[in-house]
Amino acid sequence: MRMEIQDMKQELATISMMDEFARYARLERKINKMTDKLKTHVKSRTAQLAKIKWVVNIVFYILQAALMISLIWKYYADPVTVLPSKWIAPLERLVAFPSGVAGGVGITCWLVVCNKVVAIVLQACG
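Quantities reported herein were computed from a predicted structural model and do not represent experimental measurements. (Residues numbered from 1 in each chain as written. Predicted model: local features only at pLDDT ≥ 70, side-chain atom pairs only at ≥ 80, totals over all residues. Heavy atoms only, no water.)

Caption draft 1: Looking closely at the overall build of the protein. Counting its secondary structure elements, the protein contains 4 helices and 2 strands. Secondary structure elements in the protein, listed N-terminal to C-terminal, are α-α-β-α-β-α. The C-alpha atoms of the protein give 31 Å as radius of gyration, which overshoots the globular expectation for 126 residues (14 Å, by more than 25%). With the C-alpha coordinates of the protein rotated into their principal frame, the extents come out at 95 × 25 × 20 Å. Looking at the protein residue by residue over its 126 residues, the buried ones come to 17%. Total accessible area on the protein is roughly 10,400 Å²; 66% of this is exposed by carbon and sulfur atoms. (Helix = DSSP H or I, 4+ residues; strand = E, 2+ residues; numbered from the N terminus. Rg over C-alpha atoms; globule rule 2.2 N^0.38 Å. Buried < 20%, exposed > 50% of the residue type's maximum accessible area, 1.4 Å probe, protein only. Areas by Shrake-Rupley, 256 points an atom, 1.4 Å probe, with all protein chains shown as cover.)

Caption draft 2: Region of interest: the packing of helix α1 (residues 2–14) against helix α2 (residues 21–74). Axis separation between α1 and α2 bottoms out at 10 Å; the angle between their running directions is 160 degrees. One way to sum up the angle between α1 and α2 is to call them roughly antiparallel. By crossing handedness, the relation of α1 to α2 is classed as left-handed. On α2, the residues touching R2, E4, I5, M8, K9, E11 and L12 of α1 are R23, Y24, L27, E28, K30, I31, M34, T35, L38 and V42. Within the contact of α1 with α2, the residues separate by chemical class into 9 nonpolar, 1 polar and 7 charged. (Axes fitted to C-alpha atoms, helices over the stretch in contact; angles between N-to-C directions. Parallel < 35°, antiparallel > 145°, perpendicular 65-115°, else oblique. Left-handed = near helix turned anticlockwise from the far one by under 90°. Contact = heavy atoms within 4.5 Å. Nonpolar A, V, L, I, M, F, W, Y, C, P; charged D, E, K, R; others polar.)

Caption draft 3: Representation of the state of the cysteines within the structure. Scanning all chains against the criterion turns up 0 disulfides. The structure places no disulfide on C114, whose sulfur is separated from the nearest cysteine sulfur, that of C109, by 9.3 Å. Residue C114 is classed as partly exposed on the basis of its relative accessible area, which comes to 31%. For the unlinked cysteine C125, the closest cysteine sulfur is that of C114, found at 16 Å. (Disulfide = S-S within 2.5 Å.)

Caption draft 4: Looking closely at the side chain of S99. Inspection of the secondary structure assignment puts S99 in the loop between α3 (92–96) and β2 (104–105). Residue S99 is classed as buried on the basis of its relative accessible area, which comes to 15%. At 2.8 Å, the side chain of S99 forms a polar contact with the backbone oxygen of A96. Beyond its immediate stretch of four places on either side in the chain, S99 contacts Y76, A77, D78, P79 and G106. (Polar contact = N/O pair within 3.5 Å; in protein donor to acceptor, adjacent residues only side chain to side chain.)

Caption draft 5: Molecular detail of α2. For α2, with 54 residues, the first-to-last C-alpha span of 79 Å sits near the 80 Å given by 1.5 Å per residue. Taken together, the buried positions of α2 are occupied by Y24, A25, L27, I31, M34 and L38. Turning to α2, the residues buried within the fold contact α1. (Expected span 1.5 Å × (residues − 1).)

Caption draft 6: Geometry of the packing of α2 against helix α4 (residues 107–125). α4 packs onto α2 with a crossing angle of 150 degrees between their chain directions and a minimal axis gap of 9 Å. By the criterion of interaxial angle, the relationship of α2 to α4 is roughly antiparallel. Read as a crossing pair, α2 and α4 show a hand that is right-handed. Contacts between α2 and α4 involve Q64, M68, L71 and I72 on the former and, on the latter, I107, T108, L111 and N115.

This is the structure we're talking about:
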């Protein structure tokens, strides 16, 4: 469609407006009509791409949530790692949740920290 518009504009440039006004005006209206049609097509395509991107994002977030829930469910009672109790003394119970192991880092805390680190790295990169 863009090539057709370019061709018509080149043809319009060869026509003398004074000598062949009717032909010039017809061709100009045709160019305007094609340009409007192209703009409408581009807008609809942009809207369609935005909708696809939105659906993909939603599916990604649902999969991410399902993965996190399944990890928490599977490793509920097991600490991801065990640290010396003095390192995390004031927040020991919170960090150990839901495993309850003294000095342990629970899966929930681990996932929260991992998500935050990934978000910070992605923000720094882009």
